[in-house]
There are 2 protein chains.
Amino acid sequence: MTTDIDRAGIPFEAEEYANRQRRAREAAREAGFDALLIADPANLYYLTGYNAWSFYMPQVLYFPVEGEPVFILREMDANGAHRTATGIARERIFGYPETLIHQHDSHPGQWIAQKLRELGLGGSAGQDARVGYEGEAHFFTVRTFRYLQEELPNWRLDECHDLVNWVRLVKSPAEIEYLRAAGRVCDHAISQGVGALYAGRPANEVAAEILHAQAQGPVAYADEDARGQLVDGDYPAIVPMLPTGEGADTPHLTWSNSPMPANEGISFEIAGVHRRYHAPMARTAVIGTPSKELERLAGFTVEGMLAALEVVRPGATAHEVTEAFTREIAKGGYTKNSRLGYSIGIGFPPDWGERTVSLRRDDQTVLQENMTFHLIAGMWMTGYGFEASDSIRVTDSGVERLTSYPRDLITIPNRSLL
Amino acid sequence: MTTDIDRAGIPFEAEEYANRQRRAREAAREAGFDALLIADPANLYYLTGYNAWSFYMPQVLYFPVEGEPVFILREMDANGAHRTATGIARERIFGYPETLIHQHDSHPGQWIAQKLRELGLGGSAGQDARVGYEGEAHFFTVRTFRYLQEELPNWRLDECHDLVNWVRLVKSPAEIEYLRAAGRVCDHAISQGVGALYAGRPANEVAAEILHAQAQGPVAYADEDARGQLVDGDYPAIVPMLPTGEGADTPHLTWSNSPMPANEGISFEIAGVHRRYHAPMARTAVIGTPSKELERLAGFTVEGMLAALEVVRPGATAHEVTEAFTREIAKGGYTKNSRLGYSIGIGFPPDWGERTVSLRRDDQTVLQENMTFHLIAGMWMTGYGFEASDSIRVTDSGVERLTSYPRDLITIPNRSLL
């Protein structure tokens, strides 16, 4: 997994970025935009390679249908942005001054607008530029939006409805390799998490083992020559979720120092990450003896997953995959209101989903080769729950699992440590 | 650090939440609002205790000046929200249906608006309700804002300019205890990071050790009776920053698998976290021999920090603290454009700053007892850099450090491992 490109932290060849930008440009043109304003860090990374934890301050990529993009961010981040943003010309990166940060009556949005006007990109009176913004991107704040709206009166700002997210939907061969590497990191992290369990252990200690494994990646082989086979981990867009015991009916709880319970479900929902590509996985374990109701739920849920995976192939719809799951769990008398999954790829906090295709009833998206999904069967009942999931790729004729850890309810002997 | 309240994951007594809400209500009334719309997860946690990784989906707290607040979030999260949101009545928590998520033509914002209208909170024609929104909160998307604007025509939506963030500025005694605990976690995590360094070690492996230490907290004492003294860690709002070598001129780079260099600066910028309270710290280390220019920079920077800390006390201004630093480093011919620090407390991704007071020139905020800051002297030169910082509390007469690790440039012998 280690090439010269890798070592420098630059994940893709220049040609890959050129291809991505070309496809995004075409999609923007088709949608009738003159330019897009990109703020979602995953879209910035996809189009340019830019990768730093700077997204808590305003930053936008002005991405025109004709001409070169312009990237504007905080000055201290702009200085070194070229180290990762190899898909954009260095002289098209601009930094706004530090003095604009966290002020009551001024804002970086004003500086961004002025810079774009100076570059002749502000449109002209009587001939508005139609510029698409990302209305659901997490780091494009309302304040930034309103300042741009005010300061660029010759722009017609319209929602682009996650346009670049949709361009990301079908993965390139290079991306698939990264997702496979992410799957190996995830297998390793789940193994470490399960291995860390004993009754009474504080949940934060289990989380610590998982976080370590996620960053480290699989441990070294005995053979030093195999070191090149190591897969380095990266930070996940979402920290490990460990709903346990009674709280296992609630997804998205993080951890406390509560002791791991015996004889109750402990769910893991984590991702392996390699160069920002995410392969998530959920599993459920019990220390000691699971309840009959949990065992029953687990059995039907896993059967449902198998039925859904049977349907995955090019030409099938997201709806059909979901219905296969729904039919199978109905045999046990179960229903599921929430989605069965969603498209995955690049992830930055706070989410590793792509916000495009959902595996759910009535999503008629037709699956294509090299789409990738997190198929997650999260069954949250009252007072207990079971979760299992796979990260998958649609192949030319079926499905490839990106993770390989067994799906069934995991049971661990409740050994006394004393 | 372990009380009954702790073990249940509920960090504060009911009275503390009541106090906080009263203060926020008063501030909102003074600012002329009828209600606030709160989406910032740190503000939600502050006012209600709500703590889950659900902020990647729309969620808002309607917080009126008169009457009880209403919390609306995704259905799967609403079900278990009472487990952490103890500062709000359970029957005032509502969940919007799963089917609204990631759709092209519908949005949870519509459901939220309708629910608020049903509850009689939508204002009335001719008598607009003045509702304050958080324009710079990271998870209050433009799409949510625009749907609320459209569906609540009797609301006058005005920026509240981080009103609740300002209410958080002076910490309660209980909060101070959590910040001290966070400082202990941070000391531990920095120690583990420094201890993990050797030349050639992939950066992601060093990050793994830090992440582990952040979640675990300080290691067990030999004396089992002292276990109650352990401080459990929590996830940081920002992952470890490890700018190294040439990249040390760039803040906010995360890690790759690049080998740790010898004889060049390696900066750490991390936080210790306890129950979402953050005590950040930056340090810089060299494996082998630092350059003369780095040693010189480090010397003046640390002197500058000491000079700044000398000034910190109730009655001094943020401006004065900054000027003390500026004067000291000027003796070495150095200048600093970026802030010397900012207010800290509760943090959720993507930032651990409170977005209120900055330690910088022209910020005339008068320091008060129990304000807490991250005083960070980040000096990014061309091709090298030095960072050191302290998390501090303003005491009744001076300053308390929340972290204790020595500030000077850390040098580690470059031992061969072979």
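Here the structure is a predicted model, which means the values were calculated and not measured.

Here we look at the interface of chain A and chain B
- Listed by partner, the interface residues are 85 residues for chain A and 84 residues for chain B.
- For the pair chain A and chain B, the two sides together bury roughly 7400 Å², of which 51% comes from carbon and sulfur.
- Counting the contacts that link chain A with chain B gives four salt bridges.
- Measuring nitrogen to oxygen at the nearest pair gives 2.6 Å for the salt bridge that ties E159 of chain A to R143 of chain B.
- Our count for the chain A to chain B interface comes out at 40 residue pairs in polar contact (both at pLDDT 80 or more).
- At the level of elements, helix 1 (4–7), helix 4 (75–78), helix 6 (142–151), helix 9 (203–216) and strand 10 (351–359) of chain A are the ones that each hand at least two residues to the side of chain A that touches chain B.
- With nine residues, the single largest contributor to the side of chain A that touches chain B is helix 9 of chain A.
- Tallied by class, the residues present in the side of chain A that touches chain B amount to 30 nonpolar, 32 polar and 23 charged.

A closer look at the environment of I376 of chain A
All names here are of chain A.
- Structurally, I376 can be placed in strand 11 (residues 372–380).
- Assessed through its relative accessible area of 7%, I376 is described here as buried.
- Linking I376 and R339, residues 37 residues apart in sequence, is a C-alpha distance of 8.0 Å.
- Discounting residues that sit within four places of it in the chain, I376 has contacts with E269, A282, K336, R339, L340, G341, Y342, E387, A388 and S389.

A word on the side chain of R355 of chain A
- Its location among the elements puts R355 of chain A in strand 10.
- Within the structure, the side chain of R355 of chain A is placed 3.2 Å from the side chain of D40 of chain A, a separation counted as a polar contact.
- In this structure the side chain of R355 of chain A is engaged in a polar contact, spanning 3.2 Å, whose partner is the side chain of D162 of chain A.
- Dropping the residues within four chain positions of it, R355 of chain A is found in contact with D40, E136, A137, H138, D162 and N165 of chain A together with H102 of chain B.

What about the sheet that holds strand 6 (residues 155–159) of chain A?
Residues and elements named next belong to chain A.
- The six strands lie next to each other as 4-3-2-1-5-6, forming an open sheet whose pairing is mixed. Only two strands of the sheet have a single neighbouring strand rather than two, namely strand 4 (93–96) and strand 6. Sheet twist, expressed as the average angle between the axes of neighbouring strands with direction ignored, equals 25 degrees.
- Direction of pairing for strand 3 (residues 70–74) relative to strand 4: parallel, over a ladder of four bridges. By the bridge assignment, R74 is partnered in strand 4 with Y96.
- Running over the sheet, helix 5 (residues 108–118) touches strand 2 (60–64), strand 3, strand 4 and strand 6 and is turned about 140 degrees from strand 4.

Quick look at the packing of aromatic side chains
All names here are of chain A.
- Counted according to the given criterion, the structure contains 33 aromatic pairs over all chains.
- Centroid distance Y50 to F71: 5.0 Å. Interplanar angle 70 degrees. Geometry classified as edge-to-face. Linking Y50 in the loop between helix 3 (41–48) and strand 2 with F71 in strand 3, this pair joins segments that are 21 residues apart in sequence. Across this residue pair, the class does not change: Y50 and F71 are buried.
- Taken together, a centroid distance of 5.9 Å and an interplanar angle of 90 degrees make the contact between Y178 and Y277 edge-to-face. One end of the pair, Y178, is in helix 8 (residues 173–195); the other, Y277, is in strand 8 (residues 277–287), with 99 residues separating them in the sequence. Per residue, the accessibility class of Y178 equals that of Y277, and both read buried.

So, the relation of the copies chain A and chain B
- Relative to chain B, chain A is turned by 180 degrees and slid 0.0 Å along the rotation axis, the superposed coordinates differing by an RMSD of 0.0 Å. Overall, the copies show the geometry of a two-fold rotation axis.

A word on the pairing of strand 2 (residues 60–64) of chain B
All names here are of chain B.
- Buried residues dominate strand 2, accounting for five of its five residues.
- Pairing of strand 1 (residues 35–38) with strand 2 involves four bridges; the strand directions are antiparallel. Paired with L37 across the bridge in strand 2 is Y62.
- Bridge analysis of strand 2 against strand 3 (residues 70–74) gives three bridges, and the strand direction is antiparallel. The residue bridging Y62 from the neighbouring strand is V70, located in strand 3.

Quick notes on the pattern of salt bridges
- In this structure the tally under the stated criterion is 54 salt bridges over all chains.
- The residue R20 of chain A makes a salt bridge to E175 of chain A at a minimum N-O spacing of 3.6 Å. Taken as a pair, R20 of chain A in helix 2 (residues 14–30) and E175 of chain A in helix 8 lie far apart in primary sequence, 155 residues in all. One exposure class covers both R20 of chain A and E175 of chain A, and it is buried.
- A salt bridge links E26 of chain B to R22 of chain B; the nearest nitrogen and oxygen atoms lie 3.5 Å apart. Residue E26 of chain B and its partner R22 of chain B are both found in helix 2 (residues 14–30); the two are separated by four residues, about one turn of the helix.
- The partly exposed category is assigned to E26 of chain B, whose relative accessible area is 38%.
- Each of D40, E159, D162 and R355 of chain A together with R143 of chain B takes part in one network of salt bridges that share partners.

A closer look at the nonpolar core
- Counting 208 residues, the largest nonpolar core has F140 and F268 of chain A together with F140 and F268 of chain B as its most contacted members.
- Beyond its immediate sequence surroundings of up to four residues, F268 of chain A is in contact with I190, G193, V194, L197, V206, I210, M241, L242, M281, A282, R283 and A285 of chain A.
- L169, V302, A316 and L367 of chain A belong to the second largest nonpolar core, which has 34 residues in total.

Observations concerning the domain arrangement of chain A
Residues and elements named next belong to chain A.
- Per the domain assignment, the segments making up chain A are domain 1 (4–167) and domain 2 (173–412).
- Here domain 1 and domain 2 have C-alpha centroids that lie 33 Å from each other.
- Of the residues lining the interface, 20 residues belong to domain 1; the matching set on domain 2 comes to 15 residues.
- A combined buried area of about 1700 Å² lies between domain 1 and domain 2, and 61% of that area is made up of carbon and sulfur atoms.
- Here D162 ties to R355 by a salt bridge, and the two come within 3.2 Å at their closest N and O atoms.
- There are six residue pairs in polar contact (both at pLDDT 80 or more) connecting domain 1 and domain 2.
- Contributions of two or more residues to the side of domain 1 that touches domain 2 are made by helix 2, helix 3 and helix 7 (163–167).
- For the side of domain 1 that touches domain 2, the element with the highest residue contribution is helix 3, accounting for four residues.
- Split into classes, the residues belonging to the side of domain 1 that touches domain 2 amount to eleven nonpolar, three polar and six charged.

Here's the deal with the UniProt feature "domain: Creatinase N-terminal" (unreviewed entry) in chain A
- When the UniProt feature table is mapped onto this chain numbering, "domain: Creatinase N-terminal" (unreviewed entry) sits at residues 20–170 of chain A.
- Secondary structure within residues 20–170 of chain A divides into 32% helix and 19% strand; the distance between the first and last C-alpha atoms comes to 11 Å.

Brief notes about helix 9 (residues 203–216) of chain B
Residue and element names in this part refer to chain B.
- End to end, helix 9 covers 20 Å across 14 residues, agreeing with the expected 20 Å (1.5 Å per residue, within 8%).
- Taken across its 14 residues, helix 9 has 13 buried, putting it largely inside the fold.
- Just past helix 9, the residue G217 takes up positive phi, approximately 80 degrees.

So, unusual backbone geometry
- Look at the link from P349 of chain A to P350 of chain A: it is a cis peptide, with omega at 10 degrees.
- Residue placement: P350 of chain A occurs in the loop between strand 9 (341–348) and strand 10.
- Phi angles above zero are rare outside glycine, and N263 of chain B is one such case at about 65 degrees.
- With respect to the helices, strands and loops of the structure, N263 of chain B is situated in the loop between helix 9 and strand 7 (265–274).
- Overall, the relative accessible area of 41% leaves N263 of chain B in the partly exposed class.
- Notably, R276 of chain B is not glycine yet its phi reads approximately 75 degrees, a positive angle.
- Mapping R276 of chain B onto the fold places it in the loop between strand 7 and strand 8 (277–287).

The rules behind these values
- Residues numbered from 1 in each chain as written.
- Chains lettered and ligands numbered in written order.
- Predicted model: local features only at pLDDT ≥ 70, side-chain atom pairs only at ≥ 80, totals over all residues.
- Heavy atoms only, no water.
- Contact = heavy atoms within 4.5 Å.
- Buried area = accessible area lost by both parts, 1.4 Å probe.
- Salt bridge = Lys/Arg side-chain N within 4 Å of Asp/Glu carboxyl O.
- Polar contact = N/O pair within 3.5 Å; in protein donor to acceptor, adjacent residues only side chain to side chain.
- Helix = DSSP H or I, 4+ residues; strand = E, 2+ residues; numbered from the N terminus.
- Nonpolar A, V, L, I, M, F, W, Y, C, P; charged D, E, K, R; others polar.
- Buried < 20%, exposed > 50% of the residue type's maximum accessible area, 1.4 Å probe, protein only.
- Pairing = 2+ DSSP bridges.
- Axes fitted to C-alpha atoms, helices over the stretch in contact; angles between N-to-C directions.
- Phe/Tyr/Trp six-rings, centres within 6.5 Å; stacked < 30°, edge-to-face > 60°.
- Least-squares fit on C-alpha atoms with pLDDT ≥ 70 in both.
- Core = buried A, V, L, I, M, F, W, Y, C linked by side-chain atoms within 4.5 Å.
- Domains from an automatic or database assignment.
- UniProt positions renumbered as here; feature names shortened; annotations may be inferred.
- Expected span 1.5 Å × (residues − 1).

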